[in-house]
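Summary of the model geometry
Letter by letter, the chains look like this.
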Amino acid sequence: MAEFKTEFHRFIALCNEEYLIQYANKGIYNRALKDLERGVTVSYEFGDDYVECALSDDSVCRLHADISRFSCSCPSDKICKHVIIAIVYYANQYLTVDTTEEEVAGFQPDFGWVLDLAPAHISKAFSAAQIEEVLFRLEYDEDIEIAMTSFLTVTLPSQKVIVTFEPDSEIAKTMCSCKAKGNCIHKLEALLRYRLANQIDDSAALLTTNLDVSFDQDVVRETKELIQEVLGIGLAKLSNTICTRLELLAIAAHNGNLPNLESELRGLHGDLSLFFKRHVQFSKEGLLDRLTRVYVGLVALERAVHSDQKKQLLGSFKSRYYTIPQLTLYALGANPWETRSGYKGVTYYFFSLDDKRIYTYTEARPVYYEGSSFSYMNSYKGKTPWSDLLTMEELAQSQVVLTQPKTNREQRLSSSENTQLGIQARLHIEEIELGDTFIRDWADVTKRKSGDLFEQSTDTVFLLRAAKVSNVEFDDATQKLSITIEHEDSHTIDLTITYQEKFARTLNALERNKRLLELRDVFVLVQRIGDTFVPISFLQGTSLTSIKLDL
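A quick note: this is a predicted structure, and the numbers were derived from the prediction, not measured. All chains use their own residue numbering, which begins from 1 and follows the written sequence. Only residues with pLDDT of at least 70 get local features here, since the model is predicted, and only at 80 or more are side-chain atom pairs given and counted; chain-wide, interface and lining totals rely on the full set of residues. Side-chain figures throughout are based on the complete set of non-hydrogen atoms in the structure, without hydrogens or water.

1. As for the overall build of the chain
Note the threshold: We count a stretch as a helix when DSSP gives it H or I for four or more residues in a row; a strand needs E for two or more, and each element gets its number in order from the N terminus. Within these notes, the globule rule equals 2.2 Å times the number of residues to the 0.38 power, and the radius of gyration is based on C-alpha atoms. Classification of residues uses two cut-offs on accessible area relative to the type maximum, computed with a 1.4 Å probe and protein chains only: under 20% is buried, over 50% is exposed, and between them is partly exposed. Any two residues whose heavy atoms approach within 4.5 Å at even a single point are treated as in contact. All accessible areas in this document rest on Shrake-Rupley with a 1.4 Å probe, and a residue is counted as covered only by the protein chains that are shown. A residue counts as positive if it is Lys or Arg and as negative if it is Asp or Glu; His and the chain ends are not included. Where a charge lies is defined by one atom per residue type, namely NZ (Lys), CZ (Arg), CG (Asp) and CD (Glu).
Broken down by element type, the chain carries 19 helices and 21 strands. Radius of gyration (C-alpha) of the chain: 32 Å, far over the 24 Å computed for a compact globule of 551 residues. Buried positions account for 46% of the 551 residues belonging to the chain. In the chain, the proportion of contacts linking residues at least 24 apart, taken out of those at least 6 apart, comes to 62%. Accessible area for the chain stands at about 28,500 Å²; split by element, carbon and sulfur atoms hold 46% of it. Looking at the chain, you have 60 positive and 79 negative side-chain charges, and the mean spots of the two groups are 7 Å apart.

2. A few points about the pattern of salt bridges
Between side chains of opposite charge, a pair can form as their charged atoms come close. Just so we agree on the cut-off: Here, a salt bridge means any Lys or Arg side-chain nitrogen found within 4 Å of an Asp or Glu carboxyl oxygen.
If you walk through the whole model with that rule in mind, you get 25 salt bridges. Across the pair E229 and R245 runs a salt bridge, and its minimum N-O distance is 2.9 Å. Placement of E229 in helix α11 (residues 217–233) and of R245 in helix α12 (residues 242–255) is noted, with a sequence separation of 16 residues between them. What makes R245 partly exposed here is its relative accessible area of 34%. When salt bridges that share partners are traced, they join R137, E142, E189 and R193 into one network.

3. Concerning the packing of helix α8 (residues 128–137) against helix α9 (residues 185–197)
Quick reminder of the rule: In this description, a line fitted to the C-alpha atoms serves as the axis of each element, helices being fitted only across the stretch in contact, and the angle between N-to-C directions of two axes falls anywhere from 0 to 180 degrees. Working rule for angles: under 35 degrees goes down as roughly parallel, over 145 as roughly antiparallel, 65 to 115 as roughly perpendicular, anything else as oblique. Crossings are assigned a handedness: left-handed for a near helix turned anticlockwise from the far helix by less than a right angle, right-handed for a clockwise turn.
As a packed pair, α8 and α9 sit with axes 10 Å apart at the nearest point and diverge in direction by 45°. Judged on the interaxial angle alone, α9 and α8 are oblique. The two elements α8 and α9 meet at a crossing, and its hand is right-handed. Note on element contacts: α9 touches α8 through I185, L188, E189, L192 and R193, opposite Q130, I131, E133, V134, L135 and R137.

4. Quick look at the sheet that holds strand β16 (residues 460–475)
As a reminder, the rule being used: Whether two strands pair comes down to DSSP finding at least two bridges between them.
Taken in spatial order, the six strands line up as β18-β17-β16-β19-β20-β21 in an open sheet, and their pairing is antiparallel. Taken across any chain shown, the strands that pair with only one partner, and hence form the sheet edges, are β18 (492–498) and β21 (543–546). On average, each strand axis in the sheet is tilted by 45° relative to the strand beside it, whichever way the strands run.

5. Brief notes about helix α1 (residues 2–14)
Put simply, the rule is: Working rule for helices: expected span equals 1.5 Å times residues minus one.
The end-to-end C-alpha separation of α1 is 19 Å, in line with the 18 Å expected for 13 residues at 1.5 Å each. Those residues of α1 that fall on the buried side of the exposure criterion are F4, T6, F8, H9, F11, I12 and L14.

6. With respect to the nonpolar core
Put simply, the test is: Here, the term nonpolar core denotes a set of buried Ala, Val, Leu, Ile, Met, Phe, Trp, Tyr and Cys residues that are joined through side-chain atoms within 4.5 Å.
Within the largest apolar cluster, 61 residues are counted, with the highest numbers of intra-cluster contacts made by F8, L20, I84 and F165. If one sorts the elements of this core by residue count, helix α4 (residues 81–98) sits on top with nine residues. Ignoring any residue separated from it by four or fewer positions in sequence, one finds F8 in contact with F46, V51, L63, H64, A65 and Y90. The next biggest cluster of nonpolar side chains, apart from the first, holds 51 residues, and it includes F136, F350, F474 and L507.

7. Re the sheet that holds strand β10 (residues 326–338)
The strand order across the open sheet built from five strands is β12-β11-β10-β13-β15, with neighbouring strands paired in antiparallel fashion. The open sheet has two edge strands with one neighbour each: β12 (358–366) and β15 (420–424). Looking at each pair of strands side by side, their axes are set apart by 35° on average, direction ignored. Relative to β15, strand β13 (residues 399–403) runs antiparallel, the two sharing five bridges. In the sheet register, L402 faces β15, and the bridge partner there is L421.

8. A few points about the packing of helix α14 (residues 284–303) against helix α15 (residues 307–314)
The condition that has to hold: Just so you know the grouping, Ala, Val, Leu, Ile, Met, Phe, Trp, Tyr, Cys and Pro go in nonpolar, Asp, Glu, Lys and Arg go in charged, and all remaining residues, Gly too, go in polar.
Running from N to C, α14 and α15 point in directions that differ by 155°, and their axes come no closer than 9 Å. Here α14 is positioned roughly antiparallel relative to α15, judged by the angle of their axes. In this structure, α14 crosses over α15, and the sense of that crossing is left-handed. Contacts between α14 and α15 involve G297, A300 and L301 from the former and K310, L313 and L314 from the latter. Split by residue class, the contact of α14 with α15 holds four nonpolar, one polar and one charged.

9. Some thoughts on unusual backbone geometry
Positive phi, normally seen in glycine, also occurs at Q404, with a value near 55°. Residue position: Q404 is located in the loop between β13 and β14 (406–407). Residue classification places Q404 among the buried residues on the basis of a relative accessible area of 18%. For Q411, which is not glycine, the phi torsion reads 60° and is therefore positive. Within the secondary structure layout, Q411 lies in the loop between β14 and β15.

Structure follows, in structure tokens:
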């Protein structure tokens, strides 16, 4: 009993006002103090590992040397004012009188367990979705506040959340001010950020334990056989029933946890549909590139040993969006587009002054349904999803701060209603450190890749600084407008805009406008699609012109 009494005294010594309010709430704590002021008293009887507490208001509590273990004769199933009264009364009446200096004065709470946790133990305490989201959030810096008193508190300022760790405890007993049941996501983030502040990085270990790399091997085999068949027969003898087979394989790939393959199969379907229509946009070279990429990627998937390699090759389905603390975004322009699969939309590009990466926001609609439509200009003139203060057109030419924005791993922004938008004075683009987004050596442009070897092909967007525009010419045969820009060292790049009837007026204006040839030291936002470089916008000083929407 003497050993338990010492342990109990140490526990009572830790139960200061801050601790009790954090574990219960301020209202319960204040009601307990008022009852004590009215004269409520408590008598105590020690057992082997508990203390029986009889209150003068006829309530009876049982305490242990752990605030999460208690019972009370009142109906409450949570910590009640009677438990708080019993703790505070003992601290005031007995702790300084009945406790030796050796028992309490020299005792220091030990929070070493927070740093000693194994990643495997952390992964068992939280769901895979929670771990995935927090690992994403850790890629963005946030200044946490750490305080160590009778317990360890980690404050996440952007979320206005306080997580409290008890000494010599465990994750399950950790408290969070959000009051959610079980192990909430704030506990995990506070835990990992605190460990990171102490040079313990759990990202790689936790990521490995949450990878689902199972897939349907029959779909892989059938796709390889179909590609071999297409290459063996050749386009001239190919039946258009191949499109139906591709569509069925794409469905099977979706059900077989092969997201990258599903997307590529639908891309092949689109390529071959253009071929059978004898469409001018069909490219034999592009088809062969895709067939090769898909086949080699499937061979690599079959031979991959490590889970992270398989995850890269498999890809992912609909991307998840996660809330991050803040982004300061510098608008780079807007680009309208239309896909072969029947979608129309406008993508808005922003440069993050925080992490030197390009973020995008896209508004898109399917237009293949009867009666469905999408207006580029209505989208462009409409309000932003985060504030009624700006239209999308104004946003596409501004500098803003987004607080609590949601984004995914491709830096695509969500239209979350919880995101707050603030407007800043727009900097001159010449004053901004653009990082890898700005290509200084134009010889590197053609060497740039849009992703890792077997990843699904994505568009690459970057900035060039042109000393001048040396030529503008429309080719009637290819139905393409070519804009030749020249570097200060005389290196040139041809930017191409393919003719579309809806933008015929823009192309005509570009071809005839002599002011384009008068531009000097202008930044150009360029999108690389395969081997083609497409201009999106011109930027100079604080001004910006989105080519297809502003001209």
